[in-house]
Amino acid sequence: MRHRFKTKAWLYLTPALLIIFIVIVFPILYTGYISVTNMSLYHWSDYKVIGLDNYARALFKFDSVFLSALLTTVLWTALNMVIQLGVGFLIALGLNTPKLRLKRVYKTLLMVPWAVPAYISILLWRVGMFNIEFGVLNKLLTLMGFGKVDFLSNNVIAFCSCMALNLWMALPFMIATIDGALQSIDRGLYESATLDGAGFWGRIRYITIPGIKPIIAPAAVMTTFITFKQFDIIYLLTQQRGYMTGATLNTVITYAHQNAFVSNNYGLSGAVSMLLFIVIILFSLLTNRRSEERFSRNAET
């Protein structure tokens, strides 16, 4: 009877497992296989296995862009997450100010950047904000007596411009998450703390932050993964064909895309993709381990 039940359970699971294998497992395995070959536009049908040469080229070759792209990716992720959490927390805190009027209107307006499709937002910013002739930012600079600035012409200013756009698109999610977390805290705790003489920053440190941390942590981890593997903003602002800006800014994802669809070096692109996959897996394992340790400590106390 028990064996029959297990067989029936596996039969029910088979369609889902088959879909997971086709959509997730097989592409990872095939990318891993391509990464150890010299497959390219010139070796499309006669490619051969070359071992770990592509990995060595990505990691150790002097003129390889991979390490600088990885550093850019880490910097991109860290800065975006710090600013998102900081600014999102301050805005959410302001929205929860007692007796603030039109709260729902403000919250609805803040969701607009998140609701607009990413491609539309990027196109609007590229043409409407950053354009050297017609952009709003250059119009304002001209009115103030300053010269025009090409916001996408070099790596530093292009990085800052891409980050500003990413914050505009991503902040609504973080604000909404922190806002929900703030509303879940019992207001009686603030009243008791005030009666005990706690000031504004004391209430924030000992009540607000510990209260929202369990809710914010998963959202922050998820946003970190999304930011780490972000492709559309940097590519569409600086690298789209027909709109090259002069910046050579690359993250790991745009570097892999460049090797696959510009240089047509699929083996190297596969190696870069697998290295990125390994980095994400390691970060995920580290994050899960810390979460389990924190949960066990809380359970003991």
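Every value quoted in this text rests on a predicted model; they were computed, and no experiment measured them. (Residues numbered from 1 in each chain as written. Predicted model: local features only at pLDDT ≥ 70, side-chain atom pairs only at ≥ 80, totals over all residues. Heavy atoms only, no water.)

**Focus: the overall build of the chain**
And step 1. When helices and strands are tallied, the chain shows 13 helices and zero strands.
And step 2. Ordered by position from N to C terminus, the α and β elements of the chain give α-α-α-α-α-α-α-α-α-α-α-α-α.
And step 3. The C-alpha radius of gyration of the chain comes to 24 Å, more than 25% above the 19 Å expected for a compact globule of 301 residues.
And step 4. Taking the principal axes of the C-alpha coordinates as reference, the chain spans close to 80 × 75 × 35 Å.
And step 5. Counting every position in the chain, which comprises 301 residues, the buried fraction comes to 36%.
And step 6. Contacts in the chain between residues far apart in sequence, at least 24 positions, make up 63% of those at least 6 positions apart.
And step 7. As displayed, the chain has an accessible area near 19000 Å², and 70% of this comes from carbon and sulfur atoms.
And step 8. Charge-centre separation for the chain: the mean point of 25 positive side chains lies 6 Å from the mean point of 13 negative side chains. (Helix = DSSP H or I, 4+ residues; strand = E, 2+ residues; numbered from the N terminus. Rg over C-alpha atoms; globule rule 2.2 N^0.38 Å. Buried < 20%, exposed > 50% of the residue type's maximum accessible area, 1.4 Å probe, protein only. Contact = heavy atoms within 4.5 Å. Areas by Shrake-Rupley, 256 points an atom, 1.4 Å probe, with all protein chains shown as cover. Lys, Arg positive; Asp, Glu negative; His and termini not counted. Charge placed at Lys NZ, Arg CZ, Asp CG, Glu CD.)

**Focus on the environment of A118**
And step 1. Along the chain, A118 turns up in helix α6 (residues 118-129).
And step 2. For A118, a relative accessible area of 29% translates into the label partly exposed.
And step 3. When the C-alpha atoms of A118 and N250 are compared, they prove to be 19 Å apart, with 132 residues separating the residues in sequence.
And step 4. Setting aside its immediate chain neighbours within four residues, A118 contacts M169 and D232.

**Some thoughts on helix α11 (residues 232-239)**
And step 1. Most of α11 is tucked away, with seven of its eight residues classed as buried.
And step 2. Within α11, the full set of buried residues consists of I233, I234, Y235, L236, L237, T238 and Q239.
And step 3. Those residues of α11 hidden inside the fold are in contact with α3 (66-95), α6, α8 (155-183) and α12 (252-261).

**Things to note about the pattern of salt bridges**
And step 1. According to the stated counting rule, one finds two salt bridges in the structure shown.
And step 2. Taking the shortest distance from any N to any O, the salt bridge between D179 and K107 comes out at 3.2 Å. Of this pair, D179 sits in helix α8 while K107 sits in helix α4 (residues 103-110), and the two are 72 residues apart along the sequence.
And step 3. Residues K148 and E133 are paired through a salt bridge, measuring 3.1 Å at the closest nitrogen-oxygen approach. Taken together, the residues span a long stretch of sequence, with K148 in the loop between α7 (136-143) and α8 and E133 in the loop between α6 and α7 at a distance of 15 residues. (Salt bridge = Lys/Arg side-chain N within 4 Å of Asp/Glu carboxyl O.)

**Some thoughts on helix α2 (residues 53-60)**
And step 1. Three or more residues of α2 are buried, namely N54, Y55 and A58. Projected down its long axis, α2 shows its buried positions confined to an angular sector of 100°, all on one face. (Arc of directions from axis to C-beta.)

**Quick look at the packing of α8 against α11**
Each pair of packed helices can be summarised by the angle the axes make with each other and by the distance between the axes.
And step 1. Two elements in contact, α8 and α11, have axes separated by 10 Å at closest approach and are oriented at 135°. With respect to each other, α8 and α11 are oriented oblique. Our pair here, α8 against α11, has a crossing hand that is right-handed. Across from A158, C162, L165, N166 and M169 in α8, the residues of α11 making contact are I233, I234, L237 and T238. (Axes fitted to C-alpha atoms, helices over the stretch in contact; angles between N-to-C directions. Parallel < 35°, antiparallel > 145°, perpendicular 65-115°, else oblique. Left-handed = near helix turned anticlockwise from the far one by under 90°.)

**Points about the side chain of N250**
And step 1. For N250, the location among the structural elements is in the loop between α11 and α12.
And step 2. In terms of polar contacts, N250 uses its side chain to reach the side chain of T254, at 2.8 Å.
And step 3. Residues in contact with N250, not counting those within four places in the same chain, are V65, A69, T72, Q239, Y255 and Q258. (Polar contact = N/O pair within 3.5 Å; in protein donor to acceptor, adjacent residues only side chain to side chain.)

**Re the packing of aromatic side chains**
And step 1. For the structure on display, the rule yields 11 aromatic pairs.
And step 2. Centre to centre, the rings of F130 and F151 are 5.8 Å apart; their planes meet at 40°, and the pair counts as tilted. Taken as a pair, F130 in the loop between α6 and α7 and F151 in the loop between α7 and α8 lie far apart in primary sequence, 21 residues in all. For the pair F130 and F151, a shared accessibility class is recorded, and that class is buried.
And step 3. Among the aromatic residues, those joined into a cluster by ring pairs are F26, Y30, Y33 and Y47. (Phe/Tyr/Trp six-rings, centres within 6.5 Å; stacked < 30°, edge-to-face > 60°.)

**Remarks on empty space enclosed by the protein**
To find leftover empty space, a probe the size of one water molecule is rolled over the atoms.
And step 1. Counting across every chain of the model gives one cavity of 30 Å³ or more.
And step 2. Taken as a whole, the largest cavity spans an internal volume of roughly 30 Å³.
And step 3. Looking at which element gives the most residues to the lining of the largest cavity, the answer is α6, with four residues.
And step 4. Residues that form the lining of the largest cavity fall into these classes: four nonpolar, one polar and one charged. (1 Å grid on protein atoms, 1.4 Å probe; cavity = no way out; pocket = protein on both sides within 12 Å on 5 of 7 lines; lining within 4 Å. Points joined across faces, edges and corners; volume = space filled by probe spheres on them. Nonpolar A, V, L, I, M, F, W, Y, C, P; charged D, E, K, R; others polar.)

**A few points about the nonpolar core**
And step 1. In this structure, I178, I212, I233 and L237 are the most contacted members of the largest nonpolar core, which totals 38 residues.
And step 2. For this core, the secondary structure elements donating two or more residues are α3, α6, α8, α9 (187-195), α10 (200-228) and α11.
And step 3. Sort the elements by how many residues they give to this core and α8 lands first, with 12 residues.
And step 4. With 15 residues, the next largest nonpolar core counts Y55, Y255, A271 and M274 among its residues. (Core = buried A, V, L, I, M, F, W, Y, C linked by side-chain atoms within 4.5 Å.)

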